Amino acid sequence: MLFQIQGRSTCTLLIAWLLAHTALAQVDTLFLLSPEKRILRLWQAAPFFAIDHPPYLKASDSTRVFAQLDRLAEFAQQQEDDRLFWYAQLHKILFRHTLPRSDGKSSTVLEAVQPYMDQCPVPVVQASYWYHRGRYYFDEQRFDEGFRWLLRAQDTFERIGYAQIPEVSEYLYGLGIAYYFFGEYATCIGYMVTSFRYPSWARRAEISAHNTVGLCYGHLQQYAKAQTYFARTLKLAHLYGDSAWAAIANTELGHHLLLMGKPRSALPYLYNGYRFSWHRDPQQRVPENAAVADLYTALALMELDSIHKARMHIDRSTRLFTNRPWSSYDLTYYQARVNYYRKVGNYRLATAYLDSLRQLEQSLRTKFNSRLLSANQIRVNAERYVSETRRLEAERKNAVQVRNIILVAVALLALVGVYALRQKQQKRLQEKKRLLQQKQQAEELLNQYMINIQEKNELIESISAQLNQAEATSSPRPPLDGLLNRVILTEADWQQFRSYFEDVYPDFFSTLRNRYPDLTKAEIRLLALLQLRIDTSQMSRMLGISPESVHKTSYRVRKKLNITGKLSLDNLLSNR
C-alpha cells in the first residue's frame, strides 16, 4: 500500500518552494556551478512535490521566489544557457500553478501557458512541462489526459537519453508511481530501479522509490525481494533522519516477515513501526501507519497464541484509524477479527467477519479489474495520441527541409523527363529507320528472288522452245529434269520464298490462317503470288502447273470464300 505521507508527496504539486533557508535562496550559489550541476541543484532545491519542505508559503515568500527566478533567467541569458533560462521560466509557471486560488477551483495555469511552452526550443524543458502537466492531471484523476502527457514526455526523455538529463530521477519516479497506481508492478519496478542510477532530486523521493519497489515485489508475491527493498528503505530513512519513513519501512518489513511465516521476527519491526509513527514533529507523524502496524502486530501475536495482547492492538487500531475508505486497512482489520474469533472459539462472529472479508475482497477485486481494464484503454489511447503527436512534430520540424527536397526533386525529375523524352524520341527515330532499312532490304531480297525466278522461267521457256524445235527435227532430247526441278517452285523453294516474303509482309500468312483456316497450301501459295501482282502465266511457271490449273485454283478459292467477281487480295482480306 502507499501511505498518506507518500500520497501527500505525489499528489501535492509545487508547495513550499525556495524558502529563505533553501539552497536557492542564495541564487549566487548557482552561478558558481557548472551548467549540469546548476540544473540538478535547481530541482533539488525546488522540489515540485511536497516531500522535503513544509506545505505552506507566505505571500512575501512568493514575491521573493519570482524575483530570484528572474535573476536566474537574466544570468542564463548572459551565459547563453537556453536550457537554464527556459527551466527558470518553467519553474515560475509551476510555482504560479500551485498558488492557491481565491475561488477554490483547480488551477488552469498549465493549460493557459501551452502556446508559450510550444515555442520553447529546448526539448527537455518542453518534456518537463508535459511531464508536470501529466502528473497534475493524474493527481486530479483525469487519467486519460494524464497518461497522454506523461507518455509524450517519456518519449522525449528516451530520445534525449537519461544520462543527458540531470534531474531525470524525478521523472522516472513520477512515471513509476503512475504505473503502480494501475497495477503494472513490473513496469513500475523498471522505472524506479532505473532512477537509482542517477542523482536523487529529493531525499524523500529516494526513500519513497525504494519503498514502492518493495510494495511492487510484495504484490508480485516475491517476498524475499520485497524484504530487501524495505530494508533499504529503512536504512535510507535512518540515514536522512526521516522518522515518518522509518515508521513505514519498519511496518512493511514486519508485514512481509509475517507473510513469510516469521511472526516472531516480525514483531520488533512492527513495534518500531508503531513507535516511529508518533514523532514530536506533527509533520513527521503518520497515525494511519500506527493503526496498520497495530493490526499486523495483532496478527503476529495470534500466530504466537498471545490472544489477549492481540485484542488490545486490534481495539487500539480502530481508535487510531478514522479514514475508513482506505480499503487496505479494512481488509487487514477483518482478517484480524476473523483470526481472533477463531482463536477464542466464537465461530459465529468469525463466520460473520469472514463473510464481510470475502465481500470486501470481491468488491476490491472487481474495482481493481475494472481499473486495469480502464488502464489498458487509457494506455492505448495515450500511446495513439503520443504516436500521432510525434508524427505531427516530425512533420512540423521537417516541413521546410521536405519542401526544399521536393522542389529539387521536381526540378531533377523535370530534367530527367526532358532527357528521357528526347532519348525516347531519338530511339524511336532510330528504330523507325532500322525497320525501314530492314523492310527495304527485305523488298530488295524478294525482288531479287523474283528476278531470279523470272530468269529461270525465261530460261525454261527458251529451253522448251529448243526442245520443241529438236522434236520437230528429230534431234536428241537434252537432259532437263534436274534443271526443271530447280526452276519450278519446290517445297524448299517455297520455304525460301516464304522467308523473303514474310520479311516484307510479316502478318500475311497468319492473317490468312486465322480468317480462312480451310485454305490449302496450294491456295495460300497462289494468294501469296497474287499479292505480288504476278500474271497467270508467270504463276503457272512458278507453281509448276498449267495456266488452266491456276484459273481452277482461283475459282475454288472464290467459291470456298464466297467471293464474286475477280479474285483479288483486297476483297479477300476485307471479306469479314
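What you are looking at is a predicted structure, and each value in this text was computed from that prediction instead of being measured.

J.: Which parts of the structure should I look at to understand the overall build of the chain?
T.: Looking only at helices and strands, the chain has 27 helices and zero strands in total. The buried share of the chain, taken over its 576 residues, is 45%. Considering only residue pairs separated by 6 or more positions, the chain has 66% of its internal contacts joining residues 24 or more positions apart. Accessible area of the chain: about 30600 Å², with a carbon and sulfur share of 52%.

J.: Any chance you could explain the nonpolar core here in plain terms?
T.: Considering soluble globular proteins, one finds that nonpolar side chains tend to be buried as a cluster. Of all hydrophobic cores here, the largest spans 80 residues; its most connected members are Tyr87, Leu90, Met117, Val125 and Phe157. Ignoring sequence-local partners within four residues, the contact set of tyrosine 87 consists of Ile39, Leu42, Trp43, Val124, Val125, Ser128, Glu167 and Tyr171.

J.: What am I meant to see in the packing of aromatic side chains here?
T.: Think of a pair of aromatic rings as described by two things: how far the centres are apart, and how the planes are tilted against each other in angle. Within the structure shown, the criterion is met by 33 aromatic pairs. Centroid distance phenylalanine 157 to tyrosine 171: 4.4 Å. Interplanar angle 10°. Geometry classified as stacked. In this pair, phenylalanine 157 is assigned in helix H9 (residues 143-160) and tyrosine 171 in helix H10 (residues 168-181), connecting sequence segments 14 residues apart. Like tyrosine 171, phenylalanine 157 is buried. Taken together, a centroid distance of 5.5 Å and an interplanar angle of 20° make the contact between tyrosine 179 and tyrosine 191 stacked. Separated by 12 residues along the polypeptide, tyrosine 179 in helix H10 and tyrosine 191 in helix H11 (residues 185-195) bring together distant segments of the chain. We note that tyrosine 179, like tyrosine 191, is buried. Ring-pair connections join several aromatic residues into one group, and the members of that group are Phe138, Phe143, Phe147, Tyr179, Phe181, Phe182 and Tyr191.

J.: Help me out: how do you make sense of the confidence of the model for the chain in this one?
T.: Parts of the model with low pLDDT should not have their predicted coordinates read in detail. Per-chain confidence: the chain averages 79 in pLDDT, with 76% of residues scoring 70 or above. Counted against residues more than four places away or in other chains, residues 1-25, with its pLDDT under 50, gives 101 contacts. Contacts from residues 47-59, a stretch scored under 50 in pLDDT, to residues over four places away or in other chains number 50 contacts.

J.: Help me out: how do you make sense of the pattern of salt bridges in this one?
T.: Two side chains that carry opposite charge are able to pair once their charged atoms sit near each other. Enumeration according to the criterion identifies 12 salt bridges in this entry. One salt bridge connects arginine 204 with aspartate 242, and the closest N-O pair in it is separated by 2.5 Å. Taken together, the residues arginine 204 in helix H12 (residues 203-219) and aspartate 242 in the loop between helix H13 (223-239) and helix H14 (243-259) connect sequence positions 38 residues apart. Just as arginine 204 is buried, aspartate 242 falls in that class too. Close ionic contact of arginine 311 with aspartate 315 constitutes a salt bridge, the shortest N to O distance being 3.0 Å. Note that arginine 311 and aspartate 315 are positioned in helix H17 (residues 307-320) at a spacing of four residues, about one turn of the helix. Under the relative-accessibility criterion, aspartate 315 is labelled partly exposed at 23%. Sharing partners across several salt bridges, the network here consists of Arg311, Asp315 and Arg337.

J.: Explain H14 here, please?
T.: The end-to-end C-alpha separation of H14 is 24 Å, in line with the 24 Å expected for 17 residues at 1.5 Å each. Its side-chain oxygen at 3.3 Å from the backbone nitrogen of alanine 244, aspartate 242 defines the N-terminal cap of H14. Glycine 261 sits one or two residues past H14 and shows a positive phi near 80°.

J.: I would appreciate a short explanation of the side chain of threonine 332 in the present structure.
T.: Here threonine 332 is to be found in helix H18 (residues 327-344). Exposure remark for threonine 332: the relative accessible area of 11% places this residue in the buried category. The contacts of threonine 332, once residues within four sequence positions are left out, are Leu295, Tyr296 and Leu299.

What counts, and at which threshold
Residues numbered from 1 in each chain as written. Predicted model: local features only at pLDDT ≥ 70, side-chain atom pairs only at ≥ 80, totals over all residues. Heavy atoms only, no water. Helix = DSSP H or I, 4+ residues; strand = E, 2+ residues; numbered from the N terminus. Buried < 20%, exposed > 50% of the residue type's maximum accessible area, 1.4 Å probe, protein only. Contact = heavy atoms within 4.5 Å. Areas by Shrake-Rupley, 256 points an atom, 1.4 Å probe, with all protein chains shown as cover. Core = buried A, V, L, I, M, F, W, Y, C linked by side-chain atoms within 4.5 Å. Phe/Tyr/Trp six-rings, centres within 6.5 Å; stacked < 30°, edge-to-face > 60°. pLDDT = per-residue confidence, 0-100. Salt bridge = Lys/Arg side-chain N within 4 Å of Asp/Glu carboxyl O. Expected span 1.5 Å × (residues − 1). Polar contact = N/O pair within 3.5 Å; in protein donor to acceptor, adjacent residues only side chain to side chain.

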